[in-house]
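# Coordinate analysis (summary)
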Protein chains: 2
Amino acid sequence: MSKTSDKSFLPLDMVSFRDESKAVIDFIADYYKNIEKYPVQSKVEPGYLLSKLPDSAPYSPDSLEDVLNDVSDSILPGLTHWQSPSFFAYYQASSSTAGFLGEMLCSAFNVVGFNWISSPAATELESVVLDWMAKMLRLPSSFLFSGTGGGVIHGTTCEAVVCTLAAARDKALKELGDNWENITKFVVYASDQTHFTFQKAAKLVGIPPSNFRFLQTSFATEFAMSPELLRSTIEDDVRSGLVPLYICATLGTTACGAVDSIGELGRVANEYKLWLHIDAAHAGNACICPEFRYFLDGVELASSLSMNPHKWFLTNMDCCCLWLKEPRFLIDSLSSNPEYLENNASKSNVVVDYKDWQVTLSRRFRALKLWIVIRRHGVENLMRHIRSDVELAKQFEALIAEDERFEIVVPRRIVLVLFRLKPKHGLDGNELNRKLLDAINCSGRAFLTQGVVGGIYAIRCVVGATLTEERHMKDLWSLIQEKARLVLLQYSP
Amino acid sequence: MSKTSDKSFLPLDMVSFRDESKAVIDFIADYYKNIEKYPVQSKVEPGYLLSKLPDSAPYSPDSLEDVLNDVSDSILPGLTHWQSPSFFAYYQASSSTAGFLGEMLCSAFNVVGFNWISSPAATELESVVLDWMAKMLRLPSSFLFSGTGGGVIHGTTCEAVVCTLAAARDKALKELGDNWENITKFVVYASDQTHFTFQKAAKLVGIPPSNFRFLQTSFATEFAMSPELLRSTIEDDVRSGLVPLYICATLGTTACGAVDSIGELGRVANEYKLWLHIDAAHAGNACICPEFRYFLDGVELASSLSMNPHKWFLTNMDCCCLWLKEPRFLIDSLSSNPEYLENNASKSNVVVDYKDWQVTLSRRFRALKLWIVIRRHGVENLMRHIRSDVELAKQFEALIAEDERFEIVVPRRIVLVLFRLKPKHGLDGNELNRKLLDAINCSGRAFLTQGVVGGIYAIRCVVGATLTEERHMKDLWSLIQEKARLVLLQYSP
């Protein structure tokens, strides 16, 4: 019955581990080599996989060959290829060899670093790398471990927002005398461009949805949040007996890439003692380049800041850096000390126990991949990477702007180009561009998504997939022109 | 400036991808080969890594060789080796070749399957695999997609509990007339053995901490929750004008492996219309074997059930399966539909959009590894794996029980053996066992942690790391005896 009695079953045998892993590496390398052959957006119909797979688990093992054949035949056709050089949708989940190597090591060590003692290296490397990253972004020392703050790696921005909202909530509850009923008085502020996850997170932590303020934005400010509107809304809420709690400012909004002015919003937030969080998920990556650092001007006024190296920083999913000026508020809200996790290191109070900085207990050793990404590229190449994508986006924007059938809907700030076919012959511009986007995506030669701002349906082109080169941008532009001709032809008198 | 103009910088070049990945595979295989040479629990001092690493990121790239040397010299000494065959602490984060291969493919495809269209295969494989798993556990069809329910893969139990709590909360708020002030009336129930994450999650979703009930357990019921106490506590709360909301029952508690009776608790929960969640994080894995399936008796009375294949099911971190009888309550609570994610498939309502089943938007393709783990082992070997670990735990328990210096503190239910040195000469038993555990862990030859039940400090031995064989159990027993002799000698008159 015991393991030794049955050598035929070894789930982690060194010989097969080596052979099988290398076979999968070859499989993956071939996938990347052929990636341009697949339609970027999957063309399968809903339910396609149900008919291809058995409806229950196999009783006996399948061979690796069978599994990889099924990956080729059943899984690949159902992938939307985020690593394709012609993927311009949503955001870039930019992988790299270095990020992949980091993920391999993380998965192989498979340590669970919930507290320091459960794997000191996992905790300490995370703290080191967050300070490295903070220095690359020239954050004030109030956000660094080597200063008076600190940081943690979460999976995604959503998690960072949930945790900081909870910290702000519990800090305010305490200040109001620990009466939980005050939870219904808290108000949170965002613009109508802020990522929807913020609204979801606010409700999740128990803020009444009616206390969520969407501050309206417009073309006049290129969809940045208005500090005046923030101030007057806060004052209205205070007059109504509510308690302004938290504001989320964004560097690079999802729909159109708008950049909120942290400095101006920060002064209002500080005046009314709100928690200011900066969601720099995507655009934050650009701030390692001196010429983009001004986006972060005023960051010293914020309570917390998050950015995602899994977006555009060559770090495979998932990885979100969160820095806080006063981590103790996060820890006050999220810590717990059951007897079964007691240990001398934690009791000494000289170590970080990351379980108290996040929602979950268990956590992967994500710092490893970020560390390897930074080391294998160096700041030098990481800046080059950002700059070359910005350059491609700039060139693409110029092509659009030169073609009189098109217009740029909101000026590009970094790598998001928001454009559309101009309305024509009294046609509905939104309908026209919906058709154009459908035609582009159905071709399988590129994948882009839409953004709607000020009632205008526009096409988002986010430049920066790892494998994207100049020729892919040229192909994209040819494809857009080709489909635009067809769509416009359909409507000509 | 563009990428093509600088071929010296290719973050995902196929030749180096292949070579470097294979070099890392060899590195990992060597790590596993030598894993018994490392102290299981890391021996580093707090802050050890700060002195070894530069305090800011390198400007120029480092070679892979340098990085791997640093992993050997700086990271490995700071790891607590969860994959060591002599790791008996916390729980098993049991990796396998199959799980590792799945992680590699997930990381390489690096798709973000937040909705169906963003990668249909990621969504559909997840639904398929959850039904496979549900069938292996013989769950009622009310939890299956092929029945009337459905499931999702979260990272951890904590996430599953947060989401189901939010679903229960929002369902109840609606029933009470959509007045958010009722949030302060909700009461949640657990035993004093329930995992601490449940309390953390309840507070996170805005349930007042004073409305959290810890039902006391004792040796008399082997620390299982009392249905009578649950009933009387609920009735007290109702009399006080509170609203009983949610109860978490556990199969295999953390400290001592207690198993709550789902059937008995379920009847009480159903009578008072509470949401019953079953946390089967660890012990749920055993339920694929017919002889352990009785733990799940009464599961038809539950609203939701979670179990973690990353614990003991040969699936590398992280992977938590959550099934729900009525997923619509989860979706009602967590869904959102911003314009930039609109698509025809979602509008058709025939697809699953997993972003509405979890906290975060972005998500990794975790189903891939669970699918490969199941296929490469088959149900046959997965059962054999569970059974051989149980057999090792049983043999170990017998060794302890035969030695009159020791006692089993709570009878073993599955693979957790909770034991201690009997108090002697009027010595404090807790102090004695604390010393024994320290001595064992300091040896570096094994790593175990403690559980405290009914005021008694005991040593937890969780059997089931992937590489553990009979000889490691024998070594452990020798080590325990050796250290027990020394500790007892210290105290002899």
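Residues numbered from 1 in each chain as written. Chains lettered and ligands numbered in written order. Predicted model: local features only at pLDDT ≥ 70, side-chain atom pairs only at ≥ 80, totals over all residues. Heavy atoms only, no water.

### Quick look at the sheet that holds strand 5 (residues 275-279) of chain B
Residue and element names in this part refer to chain B. So the rule is basically this: When DSSP finds two or more bridges between two strands, those strands count as paired. For the purposes of this entry, the term helix denotes a DSSP run of H or I that reaches at least four residues, the term strand denotes a run of E that reaches at least two, and both are numbered from the N terminus. Each axis is a line fitted through C-alpha atoms, taken for helices only over the stretch in contact, and angles between the N-to-C directions span 0 to 180 degrees.
Taken in spatial order, the seven strands of this open sheet run 1-7-6-5-4-2-3, and their pairing is mixed. Edge positions in the sheet fall to strand 1 (150-154) and strand 3 (212-215), since each of these pairs with one other strand and no more. The mean inter-strand angle of the sheet, taken between neighbouring strand axes irrespective of direction, is 20°. Taken together, the five bridges between strand 4 (residues 243-250) and strand 5 define a ladder with parallel strand orientation. Within the sheet, the bridge partner assigned to tyrosine 246 lies in strand 5 and is tryptophan 275.

### Observations concerning the side chain of Gln92(A)
All names here are of chain A. We apply this condition: Accessibility here uses a 1.4 Å probe with only protein chains present; expressed as a share of the type maximum, an area under 20% marks a residue as buried, one over 50% as exposed, and anything in between as partly exposed. Contacts were defined at the residue level, with two residues in contact if any of their heavy atoms lie within 4.5 Å.
With respect to the element layout, glutamine 92 can be found in the loop between helix 2 (64-75) and helix 3 (97-109). Take glutamine 92: its relative accessible area is 2%, and that puts it in the buried class. Here glutamine 92 is in contact with His282, His310, Lys311, Trp312, Val415, Val462, Val463, Gly464 and Ala465, once residues within four sequence places are set aside.

### Focus: the packing of helix 1 (residues 14-33) of chain B against helix 2 (residues 64-75) of chain B
All names here are of chain B. To be explicit about the condition: Oblique is the label for any angle not under 35 degrees, not over 145, and not in the 65 to 115 range, which are roughly parallel, roughly antiparallel and roughly perpendicular in turn. If you view the pair so one helix is near and one far, a crossing is left-handed when the near helix is turned anticlockwise from the far one by less than a right angle, and right-handed when it is turned clockwise. In this classification, the charged set is Asp, Glu, Lys and Arg, the nonpolar set is Ala, Val, Leu, Ile, Met, Phe, Trp, Tyr, Cys and Pro, and all remaining amino acids, among them Gly, are polar.
Two elements in contact, helix 1 and helix 2, have axes whose closest approach is 12 Å; the angle formed by their N-to-C orientations is 20°. In terms of orientation, helix 1 lies roughly parallel with respect to helix 2. Remark: the crossing between helix 1 and helix 2 carries right-handed chirality. Here helix 1 contributes Glu20, Ala23, Val24 and Phe27 to the contact with helix 2, which in turn contributes Leu64, Leu68, Val71 and Ser72. A per-class count over the contact of helix 1 with helix 2 returns six nonpolar, one polar and one charged.

### A few points about the domain arrangement of chain A
Residues and elements named next belong to chain A. Worth spelling out the cut-off: As used throughout, domain bounds are those supplied by an automatic or database domain assignment. The term buried area denotes the loss of accessible surface (1.4 Å probe radius) that occurs when two parts are joined, taken as the sum for both partners. Within this document, salt bridges are pairs made up of a side-chain nitrogen of Lys or Arg and a carboxyl oxygen of Asp or Glu, the two lying within 4 Å of each other. Under the rule applied, a polar contact is a pair of N or O atoms within 3.5 Å (in protein, one hydrogen donor and one hydrogen acceptor; residues adjacent in sequence only if both atoms are side-chain atoms).
Considered domain by domain, chain A is made up of domain 1 (32-54 + 66-96 + 379-493) and domain 2 (112-364). Relative to domain 2, the C-alpha centre of domain 1 lies at a distance of 31 Å. Between domain 1 and domain 2 lies a buried interface of about 2,600 Å² when both sides are counted; carbon and sulfur atoms form 68% of it. Among the residues domain 1 hides against domain 2, the three largest losses belong to Ile386, Arg413 and Ile414. Together they make up 25% of the total. One salt bridge connects arginine 387 with glutamate 291, and the closest N-O pair in it is separated by 2.6 Å. Counting every contact that joins domain 1 to domain 2 gives twelve residue pairs in polar contact (both at pLDDT 80 or more). Only helix 11 (367-402), strand 8 (406-410), strand 9 (416-421), strand 10 (449-453) and strand 11 (456-462) provide two or more residues apiece to the side of domain 1 that touches domain 2. A per-element tally of the side of domain 1 that touches domain 2 places helix 11 first, with eight residues. By residue class, the composition of the side of domain 1 that touches domain 2 is 18 nonpolar, nine polar and four charged.

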